[in-house]
Amino acid sequence: MMTRKPYLILLMVAFCGFAKAQDTLTVMQYNLLEYGNYQSGFADCYETNNNTQRKDECIRAIMDYVKPDILTVCEFGATQALQTDFVRHNLNINGADYWQTDDIINYAGSNIINHIFYDSRKMGLKRHVALRTTPRDTDFYELYLKTPSLAIGDTVKLICIVAHPKAGQGYESQRRALMQQAMDYVNQNYPTDNVLIMGDFNMYSANESGYRLLTQTYSNPNICFMDPLASVGGVGEWNNNSQYARFHTQSTRSYSDECFSSGGLDDRFDFILMADEIAFSYDHLRYVQGSYKAIGNDGRHFNQSIDQNGNDAVSAELAEALFDASDHLPVTMKIAVDAHLGVADDSEPSLQATVSPNPASQQATVRFYNPTDGEVRCELYSLQGQPMARQSVWCHAGYQQLNLPLQDIGQGFYLLRISHSTGWEQTLKVVKN
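Cut-offs used in this document
Residues numbered from 1 in each chain as written. Predicted model: local features only at pLDDT ≥ 70, side-chain atom pairs only at ≥ 80, totals over all residues. Heavy atoms only, no water. Disulfide = S-S within 2.5 Å. Buried < 20%, exposed > 50% of the residue type's maximum accessible area, 1.4 Å probe, protein only. Salt bridge = Lys/Arg side-chain N within 4 Å of Asp/Glu carboxyl O. Helix = DSSP H or I, 4+ residues; strand = E, 2+ residues; numbered from the N terminus. Pairing = 2+ DSSP bridges. Axes fitted to C-alpha atoms, helices over the stretch in contact; angles between N-to-C directions. Parallel < 35°, antiparallel > 145°, perpendicular 65-115°, else oblique. Left-handed = near helix turned anticlockwise from the far one by under 90°. Contact = heavy atoms within 4.5 Å. Nonpolar A, V, L, I, M, F, W, Y, C, P; charged D, E, K, R; others polar. Core = buried A, V, L, I, M, F, W, Y, C linked by side-chain atoms within 4.5 Å.

## Focus: the state of the cysteines
A covalent bond bridging the sulfur atoms of two cysteines is what the word disulfide describes.
And then number 1: Evaluated as defined, the whole model comprises one disulfide.
And then number 2: This cysteine, C378, is not joined by any disulfide, and C395 carries the nearest cysteine sulfur, 8.1 Å off.
And then number 3: Given the relative accessible area of 6%, C378 is considered buried.

## Some details on the pattern of salt bridges
And then number 1: By the definition in use, this model includes 21 salt bridges.
And then number 2: The partner of E379 in a salt bridge is R417, with the nearest N and O atoms 2.7 Å apart. One end of the pair, E379, is in strand β16 (residues 374–382); the other, R417, is in strand β19 (residues 412–420), and 38 residues separate them in sequence.
And then number 3: Residue classification places E379 among the buried residues on the basis of a relative accessible area of 1%.
And then number 4: A cluster of three or more residues bridged by salt bridges with shared partners is formed by R54, E57, R253, E320 and D324.

## So, the sheet that holds strand β14 (residues 354–356)
Whether parallel or antiparallel, the strands of a sheet pair through hydrogen bonds between backbone atoms.
And then number 1: The strand order β14-β15-β18 describes an open sheet built from three strands, whose pairing is antiparallel. The sheet is open, and its two edges are formed by β14 and β18 (398–405), each paired on a single side. Taken over all neighbouring pairs, the strand axes of this sheet differ in orientation by 25° on average, direction set aside.
And then number 2: Taken together, the three bridges between β14 and strand β15 (residues 363–370) define a ladder with antiparallel strand orientation. Counterpart to S356 in the pairing with β15 is T365.

## Notes on the pairing of strand β1 (residues 23–35)
The two faces of the sheet receive side chains in turn, since in a regular strand these alternate between them.
And then number 1: A large share of β1 lies buried, amounting to eleven of its 13 residues.
And then number 2: Where β1 lies against strand β13 (residues 331–337), seven bridges are found, and the strand directions are antiparallel. Bridge pairing in β13 links Q29 to V331.
And then number 3: Where β1 and strand β2 (residues 70–77) come together, six bridges link them in parallel fashion. Each bridged residue has a counterpart across the sheet, and for N31 the counterpart in β2 is C74.

## So, the packing of helix α2 (residues 52–66) against helix α7 (residues 316–325)
And then number 1: One can describe the packing of α2 onto α7 by two numbers: an axis separation of 9 Å at closest approach and a directional angle of 130°. Our classification of the angle between α2 and α7 gives oblique. Once α2 is placed against α7, the crossing between them reads as left-handed. Of the residues in α7, those in contact with R54, K55, C58, A61, I62 and Y65 of α2 are L318, E320, A321, L322, D324 and A325.
And then number 2: Each residue belonging to the contact of α2 with α7 can be placed in one class, and the counts come to eight nonpolar, no polar and four charged.

## Quick notes on the nonpolar core
And then number 1: Ranked by internal contacts, the top residues of the largest apolar core, which has 94 residues, are F140, L196 and F225.
And then number 2: Broken down by element, the residue count for this core peaks at seven residues, all from strand β7 (residues 156–163).
And then number 3: Once residues within four sequence positions are removed from consideration, F140 is found in contact with R127, H128, V129, L131, I159, C160, I161, A182, Y185, V186 and Y190.
And then number 4: Ranked by size, the runner-up nonpolar core spans 19 residues in total, among them L380, C395, Y414 and V430.

## What to know about the packing of α2 against helix α3 (residues 80–91)
Angle between the axes and distance between the axes are the two parameters that describe a pair of packed helices.
And then number 1: Relative orientation of the contacting elements α2 and α3 amounts to 55°, with a least axis distance of 9 Å. Between α2 and α3, the crossing angle belongs to the class labelled oblique. At the point where α2 passes α3, the crossing takes the right-handed sense. Of the residues in α3, those touching α2 at D56, I59, R60 and M63 are F86, H89, N90 and L91.
And then number 2: Partitioning the contact of α2 with α3 into residue classes produces four nonpolar, two polar and two charged.

## Some details on the sheet that holds strand β10 (residues 270–275)
And then number 1: Overall, mixed pairing links the six strands, which are arranged β5-β6-β7-β8-β10-β9 in an open sheet. With partners counted over all chains shown, the strands left at the sheet margins are β5 (123–131) and β9 (225–226), one partner each.
And then number 2: On top of the sheet, helix α4 (residues 172–189) reaches β5, β6 (138–145), β7, β8 (195–200) and β9; it is set at about 35° to β6, its chief contact.

## A short note on the environment of L318
And then number 1: Its location among the elements puts L318 in helix α7.
And then number 2: Each C-alpha atom, one on L318 and one on Y65, is 8.3 Å from the other, the two residues being 253 residues apart in sequence.

## Here's the deal with unusual backbone geometry
And then number 1: Cis rather than trans, the peptide bond between Q250 and S251 has omega equal to 5°.
And then number 2: Mapping S251 onto the fold places it in the loop between β9 and β10.
And then number 3: A cis amide bond links S356 to the next residue, P357, at an omega of -10°.
And then number 4: Topologically, P357 is positioned in the loop between β14 and β15.
And then number 5: Of note, K67 is a non-glycine position whose phi angle comes to about 55°, a positive value.
And then number 6: Looking at where K67 falls in the secondary structure, it is placed in the loop between α2 and β2.
And then number 7: Classification of K67 by relative accessible area gives exposed; the value is 54%.
And then number 8: Unusually for a residue other than glycine, N94 sits at a positive phi of about 55°.
And then number 9: With respect to the secondary-structure elements, N94 resides in the loop between α3 and β3 (99–100).
And then number 10: When its relative accessible area of 80% is taken as the criterion, N94 is described as exposed.

Shown next, in the form of structure tokens:
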């Protein structure tokens, strides 16, 4: 293990190489707990214990604290009027007029749905597709970034998938089935795009089959979702386990009032997972390391209410807002945009490298433009940073190609770093089938 550390450090330097002044998108996912619904049933939520006006006060405080550019939600009441009111009361306020959303799609006929709200100054919505999954639809929102720095006709896409599979022990296979439908659609339509999948997944463990389907490379031919908390010890047996106290997102209160779940913080149900395209910046977007957070989780409220005996992560007022707004904490992450929203593009050109075929089985060909005579190094890594192959060659200036042997490595996703002695470099994804 000690011998791998230098390679891992080298790989991370390659990923972070373009860290200049950039625009940043803040993404927030939040389960709003039967927002706007007063009903009897699985959750007995009424105006007395889940008042929408009080929730709005709390949501405004949370929004002001996080300042997201994209807000995705679960458990939103399935009416267009409620959606309109939410924008008017919580988003387009204090002079803001740029928050937009989309019409509701509800094939499942559920009384609660997923939804998205976004800053239209930075993004537009090209397409909204809903898959008929059980018990609720799974929604795909295809956003495009408004990036005048790109050439006319170019765009940067960001696909946000919002999923809310069935809750409870014993429904693991149903949750996996929903995720399989989502993964199938991604493989067919967005295999190499910037994709986030988020929502209240109701998963008790990283060993649950639905989570493994999303995050293990052998499950799907082209797409692999990465957990931002994997590198900081946030992946494992989350349920009622104090070892994961600083990652839990449910429940915000230790007691029940029929609507809110009880027990205090002891489950990690809420997620934003990213495709490797975002993790390693293949197309203008890159996850900002360390930016993933469960808002209000200070690591010392295991099995306690979020506002009990103070809170070290947020103010007392915000802890109270999180307590009253929902029985889930919102999760957030930041994504750096190297295409510069509304700013001239000053990024350096790349080596214009490509790999084909990709996926490949025995061998692939790496083609690139060499800016000047000099040494070119190709290094192949696993997603975990393990070095798999390396070669260095001296090349003349101009278009060049190298053979990349793959017969001695297993199936899965790999990262190919190509660097020139003058400092030019590029990282590509390689799929071995």
